[in-house]
Amino acid sequence: MTLKRTMTLLLAGAAVTLSASVAMAQTNLRVFVSSQHRPDVWRKAFDMYEAKNANVKVMIETGGNTSEQQAQYLNTVMTAKDSSLDIMILDVIRPAQYAAAGWTVPFNDVLGSDAASAMKRYLPAYAEANTVDGKVVALPAFADAMFLYYRKDLLEKHGIQPPQTWDELAAAAKKVADAEKDPNLQGLSFQGKAIEGAVCTFLLPYWSMGKQLVSDGKLSFDKEAAVKSLKLWKDFVDQGVAKKNIAEVATDDTRKEFQAGNVLFAVNWSYAWGQFQGAESAVKNKVGVVKLPAVQGGQPASCLGGWEWGVSAYSNNKTEAQKFVQYLSSPEISEFMAINAALLPQFPEVYTDADVTKAVPWFANAKPVVETAKARPVTPRYNEVSEIIRTTVNGVLAGQSTPEEGATQMEGRLRRVLR
Amino acid sequence: MATASETTLVTTHNESGTKWWTRFLDPSERTLAVLLLMPAALLLTLIIVYPVCRLIWTSFQNLSLTSGVPATFAGLENYTLVLEDPVFWETTWNTVLITLITVPGALLVGLALALMANLPFNVKWPVRLSLLIPWALPLSFAGLIFAWFFHSEYGVVNDVLRRLGIEGVIWFNSANWAFAAICLTIIWKTSSFMALIILAGLQTIPRSLYEAADVDGAGRLRQFFEITLPLLKPAIVVALIFRTITALQTFDIPFTMTRGGPGTSTSTLAMYIHQNTVDFLDLGYGSALAVVMFALSMGVTAVYLRMIRAKG
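This one's a predicted model, so the numbers in the text were calculated from it and none came from an experiment.

## Some thoughts on the overall build of chain B
Okay, so step 1: A tally of regular secondary structure across chain B gives 13 helices and 2 strands.
Okay, so step 2: A compact globule built from 312 residues would reach a C-alpha radius of gyration of about 20 Å, whereas chain B, at 27 Å, exceeds it by more than 25%.
Okay, so step 3: Across the 312 residues in chain B, those meeting the buried criterion constitute 40%.
Okay, so step 4: Taking the contacts inside chain B whose residues are at least 6 apart along the sequence as the reference set, 65% of them involve residues at least 24 apart.
Okay, so step 5: Looking at chain B, you have 18 positive and 18 negative side-chain charges, and the mean spots of the two groups are 7 Å apart.

## Focus: the interface of chain B and chain A
Okay, so step 1: Contacts between the two partners involve 26 residues from chain B, matched on the other side by 27 residues from chain A.
Okay, so step 2: Summed over both sides, the interface between chain B and chain A buries roughly 2200 Å², with carbon and sulfur atoms accounting for 50% of that surface.
Okay, so step 3: Of all residues in chain B, B:Thr66, B:Asn173 and B:Phe280 bury the most surface against chain A, accounting for 24% of the area lost on that side.
Okay, so step 4: Counting the contacts that link chain B with chain A gives 1 salt bridge.
Okay, so step 5: Run the count over chain B and chain A and you get 12 residue pairs in polar contact (both at pLDDT 80 or more).
Okay, so step 6: Listing elements by their share of the side of chain B that touches chain A, those giving two or more residues are α4 (86–117) and α12 (269–279) of chain B.
Okay, so step 7: Class assignment of the residues belonging to the side of chain B that touches chain A gives a composition of 12 nonpolar, 11 polar and 3 charged.

## Section: a nonpolar patch on the surface
Residue and element names in this part refer to chain B.
Okay, so step 1: On the surface, Phe141, Ile145, Trp148, Phe149, Tyr154, Val156, Val160, Leu164 and Ile166 cluster together into a nonpolar patch covering about 900 Å² of accessible area.
Okay, so step 2: Of the residues forming the nonpolar patch, the biggest block, 4 residues, is contributed by helix α6 (residues 139–149).
Okay, so step 3: Residue position: Tyr154 is located in the loop between α6 and α7 (156–163).

## With respect to the UniProt feature "domain: ABC transmembrane type-1" (unreviewed entry) in chain B
Okay, so step 1: Under the local residue numbering, the UniProt record ascribes the feature "domain: ABC transmembrane type-1" (unreviewed entry) to residues 92–304 of chain B.
Okay, so step 2: With 77% helix and 0% strand, residues 92–304 of chain B has its two end C-alpha atoms placed 20 Å apart.

## Quick word on the domain arrangement of chain A
Residues and elements named next belong to chain A.
Okay, so step 1: Along its sequence, chain A is organised into domain 1 (2–144 + 305–372) and domain 2 (145–304 + 377–417).
Okay, so step 2: Computed over C-alpha atoms, the centres of domain 1 and domain 2 are 31 Å apart.
Okay, so step 3: Listed per partner, the contact involves 17 residues of domain 1 and 18 residues of domain 2.
Okay, so step 4: Summing both partners gives a buried area of about 1800 Å² for domain 1 against domain 2, and 65% of it is carried by carbon and sulfur.
Okay, so step 5: Summed over the three residues of domain 1 that lose the most area to domain 2, namely Asp144, Trp362 and Val369, the buried surface amounts to 34% of that side.

## Describing the nonpolar core
Okay, so step 1: Counting residues in hydrophobic clusters, the biggest one holds 141 residues, and the most contacted among them are A:Trp42, A:Tyr149 and A:Trp309.
Okay, so step 2: Looking at which element gives the most residues to this core, the answer is strand β6 (residues 139–151) of chain A, with 10 residues.
Okay, so step 3: Structurally, this core is a two-domain feature, drawing no fewer than three residues from each of domain 1 (2–144 + 305–372) and domain 2 (145–304 + 377–417) of chain A.
Okay, so step 4: B:Ile205, B:Tyr210, B:Ala213 and B:Leu240 belong to the second largest nonpolar core, which has 27 residues in total.

## A word on the side chain of B:Lys189
All names here are of chain B.
Okay, so step 1: Among the secondary structure elements, Lys189 is positioned in helix α8 (residues 175–202).
Okay, so step 2: Of the side chains with opposite charge, Asp252 lies nearest to the buried Lys189, which makes no salt bridge, at 9.2 Å.
Okay, so step 3: Looking at Lys189, its side chain comes within polar contact range of the main-chain oxygen of Trp135, at 3.3 Å.
Okay, so step 4: Beyond its immediate stretch of four places on either side in the chain, Lys189 contacts Pro134, Trp135, Leu137, Pro138, Leu139, Ala142 and Ile253.

## Looking at the side chain of A:Lys243
Okay, so step 1: Summarising the element assignment, A:Lys243 is placed in the loop between α11 (223–238) and α12 (251–259).
Okay, so step 2: The exposure class of A:Lys243 is buried, given its relative accessible area of 12%.
Okay, so step 3: A distance of 2.8 Å separates polar atoms of two side chains, one belonging to A:Lys243 and the other to A:Glu257.
Okay, so step 4: When residues no more than four places from it in sequence are discounted, the contact partners of A:Lys243 are A:Gln186, A:Val237, A:Val249, A:Glu257, B:Glu153 and B:Tyr154.

## What to know about the pairing of strand β12 (residues 304–311) of chain A
All names here are of chain A.
Okay, so step 1: For β12, a buried count of 8 out of 8 residues is recorded, marking the element as mostly surrounded by other parts of the structure.
Okay, so step 2: Residues Leu304, Gly306, Glu308 and Gly310 line one face of β12 and the alternating positions Gly305, Trp307, Trp309 and Val311 line the opposite face, and both faces are buried.
Okay, so step 3: Relative to β12, strand β3 (residues 87–91) runs antiparallel, the two being bridged by 5 bridges. Paired with Ile87 across the strands is Val311, a residue of β12.
Okay, so step 4: As judged from the 6 bridges shared by β6 and β12, these two strands associate in the antiparallel manner. The partner of Ala143 across the bridge, within β12, is Gly306.

## With respect to the packing of α11(A) against helix α19 (residues 403–417) of chain A
All names here are of chain A.
Okay, so step 1: Contact geometry of α11 with α19 gives a least axis separation of 8 Å together with a crossing angle of 130 degrees. One way to sum up the angle between α11 and α19 is to call them oblique. Handedness of the α11/α19 crossing: right-handed. Note on element contacts: α19 touches α11 through Pro403, Glu404, Gly406, Ala407, Thr408, Met410 and Glu411, opposite Lys223, Ala226, Val227, Leu230 and Lys231.
Okay, so step 2: Taken together, the residues of the contact of α11 with α19 break down into 6 nonpolar, 2 polar and 4 charged.

## A few points about the UniProt feature "transmembrane region" (unreviewed entry) in chain B
Residue and element names in this part refer to chain B.
Okay, so step 1: This chain's UniProt record puts "transmembrane region" (unreviewed entry) on residues 32–57, 96–117, 129–150, 170–188, 231–251 and 285–305.
Okay, so step 2: Summarising residues 96–117: 100% helix, 0% strand, and an end-to-end C-alpha distance of 31 Å.
Okay, so step 3: Taken end to end, residues 129–150 is 86% helix and 0% strand, and its two terminal C-alpha atoms sit 25 Å from one another.

Criteria and thresholds
Residue positions are given per chain, counted from 1 along the sequence in the order it is written. The order in which chains are written sets their letters, starting at A; the order in which ligands are written sets their numbers, starting at 1. Side-chain atom pairs in this predicted model are given and counted only at pLDDT of 80 or more, local residue features only at pLDDT of at least 70, and totals for whole chains, interfaces and linings cover all residues. Side-chain figures throughout are based on the complete set of non-hydrogen atoms in the structure, without hydrogens or water. Secondary structure follows DSSP: runs of H or I at least 4 residues long count as helices, runs of E at least 2 residues long count as strands, and numbering of each begins at the N terminus. Atoms counted for the radius of gyration: C-alpha only. Globule rule: 2.2 Å times residue count to the power 0.38. Residue exposure (1.4 Å probe, protein chains only): buried if accessible area is under 20% of the type maximum, exposed if over 50%, otherwise partly exposed. Contacts: residue pairs with any heavy atoms within 4.5 Å of one another. In summary, the charge assignment counts Lys and Arg as positive and Asp and Glu as negative, without counting His or the chain termini. For this purpose, a charge sits on NZ of Lys, CZ of Arg, CG of Asp or CD of Glu. Accessible area that two parts lose when put together, evaluated with a 1.4 Å probe and summed over both, is termed the buried area. A pair is scored as a salt bridge if a Lys or Arg side-chain nitrogen falls within 4 Å of a carboxyl oxygen belonging to Asp or Glu. Side-chain atoms alone can form a polar contact between residues adjacent in sequence; in general such a contact is a pair of N or O atoms within 3.5 Å, and within protein one must be able to donate a hydrogen while the other accepts it. The classification used treats Ala, Val, Leu, Ile, Met, Phe, Trp, Tyr, Cys and Pro as nonpolar, Asp, Glu, Lys and Arg as charged, and all other residues, Gly among them, as polar. Patch construction takes residues with relative accessible area above 30% that form no salt bridge. Like charges are linked within 9 Å, and nonpolar side chains (Val, Leu, Ile, Met, Phe, Trp, Tyr) are linked within 5 Å. The Shrake-Rupley method, run with a 1.4 Å probe, gives the accessible areas here. Residue values count only the displayed protein chains as cover. UniProt positions are given in the numbering used here, feature names are shortened, and annotations may be inferred rather than shown by experiment. Each domain's limits were defined by an automated method or a database of domain assignments. The criterion is simple. A nonpolar core is a set of buried Ala, Val, Leu, Ile, Met, Phe, Trp, Tyr and Cys residues joined through side-chain atoms within 4.5 Å. When DSSP finds at least two bridges between two strands, those strands are taken to pair. With axes taken as lines fitted to C-alpha atoms, and helix axes fitted only over the stretch in contact, angles between N-to-C directions fall between 0 and 180 degrees. Roughly parallel refers to an angle under 35 degrees, roughly antiparallel to one over 145, roughly perpendicular to one between 65 and 115, and oblique to any angle outside these ranges. Should the near helix be turned anticlockwise from the far one by less than a right angle, the crossing is left-handed, and should it be turned clockwise, the crossing is right-handed.

And the structure:
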């Protein structure tokens, strides 16, 4: 009996050892993909790579549904020096921070001697966001920017052109509200909850006045512009253009309420377009999208979004992972994702590609918006900058502090972080 | 017989002084005690003593993962920064306020629930089950559920108010209402824990005391204050200690309900520590904050322990 059992164990042990050595020849890559960016379509792109590279198996890990939640998860994995993740998708604001923490591997070696010219293929903003002190710390996955969505049917009905300025928007919203007399119809929806989106809420009018938050790594805070920006949003609430509880509204709330037909104008990212055209949408074929309005006498400004592929410094398969990321960050995959997932391309030429313009015609108009979109401050301490701005915006919109008080607090706290 | 001969054998070895380990075969009471305590002590060292020492050590360092520079010794710098930090004072005040409101609140509600559950119903399980459910629910679930309840447009609270003809408030738009919503949620969530401990205490009070009081002509109210409450004291103190310490560490419910908003008006000290370490990756500063919170909890525990000892 015992002999038999020993033999069985030995055989089992041998089998395990054998299968392990088979697995040695194969590389398993584990990739973190944000759940809001169509992991199902990314999976198809991964399958295409596996088909060409028999020795590589790619597994998807996904979770969280906001940029903050995903960052919290990845921060935990990285501080634990966990080797189980090889590749992770990062919000455009994070590569600089991850590089400073030593959590990602630079691509300079695999990009060849002239990494800078390799990065020139991308839209300039993405080349910049992924390069820290000459090191390419991540490669762009896709682009994004904020747009103004509007109800084409309602504007046409009341003979209104899409607004060029925020004042025009307020006037248009009032005109439609007076005529429609629909208590459920909001004039404008934007992000007032203390989330990452509220940082862009603050920056849109601020940038539109030609001001910068950070110049040459130093804080260049313009208090007057900050007060005006906070006041612009607060006035929308006070005048009834935006709803009273706007301080509760997150990005996807804006999307859902617009999709339900309860919003005239909405500030949102490009992902909302696909959802508005979906089967469950009450506003299918009634939606227009244009660049965001400007402040009176200013230039229109949009917030640069987009996500990047980074390779973990704790990965055991860095070389294979970098090769895979180079494939993911190629014009072919960019085109594939534009057509199948409506993700904006990070390469300028993909916007005008015939197949892309056929699948997503509005991308042709999106290109100038993405090209002129401004990047949020690139700093390793971005999380602190973000927290200061979004809690202030949230507090002002909730009426906890006046725009003047908010701007003063913001300046004081930002000075401590960005000395 | 066998044991006796083994003992002799061991003793012989010991006398010859060769095998040191043989004394573990027949340990003295003292050695046995040390041996039996060893696993627990090792485990505690590993999961409590080591991390606490490491935390204190980190709190004296400039260690921020976003700075890109290695850690340097900072002395008391982090602690000076803590004392000068207005957000630290705000979050500490919020934490203390939550403790002062929710601990007595949960005690009163819990006591009432326990007395109700102890009534001589024929069927006891529905009452006891409804006591257990809030206790068994994870804190963050409770927070998320109540965040929906208090949502100004889609929430059930404002809906009920509207049906009663009262204009609801935008709960999370005002520091005071948001704070009230959080406190109500915490009281709902924690009073069942209080009730469970008090119920256990109630069941240890002998019936005969009440029967004797009936004979002596004491009313129900008198019975409650003269018999029930004094005999419940040990159970109440235990419940208070547990609840106060967890109240000082309040994190999940405000985190899931308001994320500390509007502004930072409902943020707690534990949330601020989490923000500095996990979000800002400033481990030195975060550790200093955690040491301060640790000291605060230790202080409160010491006060309670002294109270118990004085009673004993």
